[in-house]
Amino acid sequence: MKILVVGDSHNNHDRIGSLLAHAGTGFDCFVHVGDGYEDLLRYENDYEGRFVAVKGNCDVSVPGRNINGEEPVILGGKAVFITHGHAFRVKGGTEALEAAASAKQAEICLFGHTHEACVFRVGKTLFMNPGSITLPRNSPVPTYGVITVEGNEVRAAVMGIFGKGLYKHIY
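Residues numbered from 1 in each chain as written. Predicted model: local features only at pLDDT ≥ 70, side-chain atom pairs only at ≥ 80, totals over all residues. Heavy atoms only, no water.

**Notes on the nonpolar core**
Here is a general trend for soluble globular proteins: nonpolar side chains tend to be buried in one another's company. Short version of the rule: Take the buried residues of types Ala, Val, Leu, Ile, Met, Phe, Trp, Tyr and Cys, join any two whose side-chain atoms come within 4.5 Å, and each joined set is a nonpolar core. Relative accessibility decides the category of a residue: with a 1.4 Å probe and only protein chains considered, values under 20% of the type maximum give buried, values over 50% give exposed, and everything between is partly exposed. Numbering of helices and strands runs from the N terminus; a helix is a DSSP stretch of H or I covering at least four residues, while a strand is a stretch of E covering at least two. Here a residue-residue contact requires only that any non-hydrogen atoms of the pair lie within 4.5 Å.
Counting 20 residues, the largest nonpolar core has Val5, Val31, Leu110, Met128 and Ile147 as the members making the most contacts within it. Among the secondary structure elements, those contributing two or more residues to this core are strand S1 (2–6), strand S2 (29–32), strand S5 (78–82), strand S6 (108–110), strand S7 (117–122), strand S8 (125–130), strand S9 (143–150) and strand S10 (153–160). If one sorts the elements of this core by residue count, S10 sits on top with three residues. Ignoring sequence-local partners within four residues, the contact set of Val5 consists of Val31, Val33, Leu110, Met128, Pro130, Tyr144, Gly145 and Ile147. Of all hydrophobic cores here, the second largest spans 17 residues; its members include Leu4, Tyr43, Val146 and Ala157.

Set out below in structure tokens:
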């Protein structure tokens, strides 16, 4: 399973559209970690419900959508905890997020809010912040993430927009 991960698009649906056009059908799921999740809604029908999104601190509620991100979802056979991160105060560190992911027995934790891309592992949990596809911090280009799950193997990479690799971590 190949999962595209974006966050913090902040009403730049054109950037989401460009990424989707670039990725084509080469992914199984598209995750938005908040602050702009509604940017992908205009493309939802074209991708047959392959979207998973959570609400960020700057998002408004969309009627009929449950996007609280409180419980892990199963993607590629892995328990994936998806959160924006603001409720865990990730701008000050990831300790609270790490504890929550551990309590939820998440194998993968996807988060945003800081606009800073990173991939790291704590115990058996892989953490990824895809950075921002619109307003990156500590990166010269907008970034997004790619998670690949093949059996027990999980690979994660944060990429610059349109394939310029900035970070690559394989676990």
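**Remarks on the environment of Ala79**
Position of Ala79 among the secondary structure elements: in strand S5. By relative accessible area, Ala79 is classed as buried at 11%. In this structure, the C-alpha to C-alpha distance between Ala79 and Phe111, residues 32 residues apart in sequence, is 14 Å. Each residue touching Ala79, except ones within four places of it in the same chain, is listed here: Pro72, Val73, Ile74, Gln105, Ala106, Glu107 and Ile108.

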